[in-house]
Amino acid sequence: MTTSRNIIWRDRLAAVAPALPWTIALAILGYAFLAGGYLVTVMSFALIYAIFVTGLNVFMGYAGQVTFGHNAFAALSGYGSAVLTASYGWQPLTAFAAGMALALGGALVVGYPTLRLKGHYLAMATLAIGLIVYEVAVQWQAVTGGYMGISGIPPLGVGGFEIMSDRAQLAFLLLVLVLATWSAMRLRASRFGRALVAIAGSEDAARALGIDVAHYKLMAFLISAAYAALAGSLFVHVVGFVSPEVFGLHMVVLAFTMLYVGGIGTAAGPLVGAVIISLLPETFRALKDYQDLAYGAGLILLLIYAPKGLAALGRLIPRSKES
Amino acid sequence: MSDRLPPILEVKELSAHYGGVEALHSATLSVENGEFIAILGPNGAGKSTLMRAVMGLVANAGSVRFRGESLPRAAPDACAARGVVLVPEGRGIFAPMTVAENLELGAYLLRDATELARRRERVLALFPRLGERSGQVAGSLSGGEQQMLAVGRALMASPQILLLDEPSLGLAPRVTEDILGTLALLNREGLTIVLVEQKAPLALKLARRAYLMSLGRVVAEIDPRTVTSYDDLAQYYLA
């Protein structure tokens, strides 16, 4: 009797499990929206990162490639937006578009030669790109303001309407994230997406099926760079300030952590990873000196007990054979 | 009738190398339309390298002609587009994707939905198990089912000539017989097949002709009907 009841419960749980990661992430965001204050800022960062990680997921999760350099494309579009609005007085939306175009142009120039490389070599080459863009942002003081950065960047808006309040920004970012996630899911389900996953599985097998591997890798690189650029521009308009550190190596480390903790290759992974990883240090803030220690321990526990990421946890609940 | 059709596949002095090491030395062989050819030889004889070189998956030099036309030497996608399709060693199925998605990828170059459905129907008729497992992730299939999927995926490309690299690898004898039986059926329906196999007796039962490879060379052409004892074959394996 108890066992059959257990089975029923387990099956019900298994049926709703795929929705669980989404529900948890959205519940946290909803709570932040209602509670207001500092948590809204934390969640706004989380959403910007979630967009960035969604792009990484296309290139790394779907296509199975490596990049340590997508912060470069966030930096290109972020600085593009910042310089054009703050120094040249452009409208935020036009500057936004110009920043995106700059980043995509950069991704095309960089991607074409580097994507001949594979594995570790690709990782090293992309890492170098991130470091080069960082150095340029530091050294080219006349335009970027060096370490001091650029402040006074206007928020996004159309005509006279600007997205000013923290809550409005959070809602706007959530809308952008929903669109970004939806488009990434559509991409994965398409013929193009299947080709990317095939490339991740075996480049030789993919080529033998008639897939133009080099072309598709470049496309995946550009698409993920577009998400990165979107995140970069959103960041500077939301925060109103940019400095080289914003798009430094720390961004890469943080985004990787989010991608793996959330679940690489899954649809919900980027959002869940970004929300949880942004929340972790805040949760342990009360521990003061031990905050980093607790954060590290939390990460290790997550990776031990959810090696495929939080978004994949639901699949661990076994269904009974009958269902 | 002096102008015979050219062979469907004609390989002349094909060499291949990995890095600086040559693994295939000037291989020459030809396959007539509708033939079932076996490529035999011990481990490391260069059988897989030959298949990969024909497809252009490994750096190679020499000539490969398909129906008299030269095939580009470094473009597997172009080979696939002309109907030269390889079932790679170790199957090469895409584990995280569903069975249905794997099959769809087989017909990657096809954009006609009705033709796609027709091909899928045909493959599922050949391998009903794949239909039952349609929504399942390919990585969760058994070894035999994965091999069926690999063959089924190749058939989705509607090949003119099907190259198979050791489909029996790691399979139970009964499953191997099933799959080879399906290949024989496809051959009777007119499909040209080149089967790479270490297990000579199995392959010789099906093939009309066989090539023997050893140490990166094609060393002999065999008529399976004349093979009465395996002593003749053994000398190549033991050389």
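As shown above, the structure is provided for reference.
Residues numbered from 1 in each chain as written. Chains lettered and ligands numbered in written order. Predicted model: local features only at pLDDT ≥ 70, side-chain atom pairs only at ≥ 80, totals over all residues.

> Please explain the sheet that holds strand S9 (residues 209–214) of chain B as it appears in this structure.
All names here are of chain B. One open sheet holds the 6 strands; their spatial order is S6-S7-S8-S3-S9-S10, and the pairing between them is mixed. Each end of this open sheet is capped by a strand with a single partner; those strands are strand S6 (84–87) and strand S10 (217–222). Each adjacent strand pair in this sheet contributes to an overall mean axis angle of 20°, direction not counted. Strand direction decides the pairing type here: S9 and S10, joined by 5 bridges, are antiparallel. Residue pairing across strands places Met213 opposite Val218, the latter belonging to S10. Helix H1 (residues 47–55) rests against strand S3 (36–40), S6, strand S7 (161–165), strand S8 (192–197) and S9 of the sheet, and its axis sits at about 145° to S7. (Pairing = 2+ DSSP bridges. Helix = DSSP H or I, 4+ residues; strand = E, 2+ residues; numbered from the N terminus. Axes fitted to C-alpha atoms, helices over the stretch in contact; angles between N-to-C directions. Contact = placed C-beta atoms within 7 Å.)

> Can you walk me through the interface of chain B and chain A in this structure?
Interface size is commonly expressed as the accessible surface area that is lost when the partners come together. At the interface, 20 residues of chain B touch 15 residues of chain A. Counting residues per element, the ones that place at least two in the side of chain B that touches chain A are helix H2 (76–82) and helix H3 (99–106) of chain B. Grouping the amino acids of the side of chain B that touches chain A by side-chain chemistry returns 15 nonpolar, 2 polar and 3 charged. (Nonpolar A, V, L, I, M, F, W, Y, C, P; charged D, E, K, R; others polar.)

> What is the right way to read the nonpolar core from this model?
In a soluble, globular protein the nonpolar side chains are often hidden away together inside. All names here are of chain A. Residues Ile51, Phe52 and Ala229 are the most contacted members of the largest nonpolar core, which totals 170 residues. Sorting elements by how many residues they give to this core places helix H3 (residues 38–62) first, with 15 residues. Once residues within four sequence positions are removed from consideration, Ile51 is found in contact with Val176, Leu177, Ala180, Tyr227, Leu230, Ala231 and Leu234. (Core = buried A, V, L, I, M, F, W, Y, C linked by C-beta atoms within 7 Å. Buried ≥ 20, exposed ≤ 12 C-beta atoms within 10 Å, placed from the backbone.)

> Looking at this structure, how should I read the sheet that holds strand S1 (residues 9–18) of chain B?
Two modes of strand pairing occur in sheets, parallel and antiparallel, and in both the strands are linked by backbone hydrogen bonds. Residue and element names in this part refer to chain B. Ordered in space as S2-S1-S4-S5, the 4 strands form an open sheet in which the pairing is antiparallel. Looking along the sheet, the strands with just one partner apiece sit at the ends: strand S2 (21–31) and strand S5 (69–70). Two elements, S1 and S2, share 7 bridges in a ladder whose sense is antiparallel. Within the sheet, the bridge partner assigned to Leu9 lies in S2 and is Val31.

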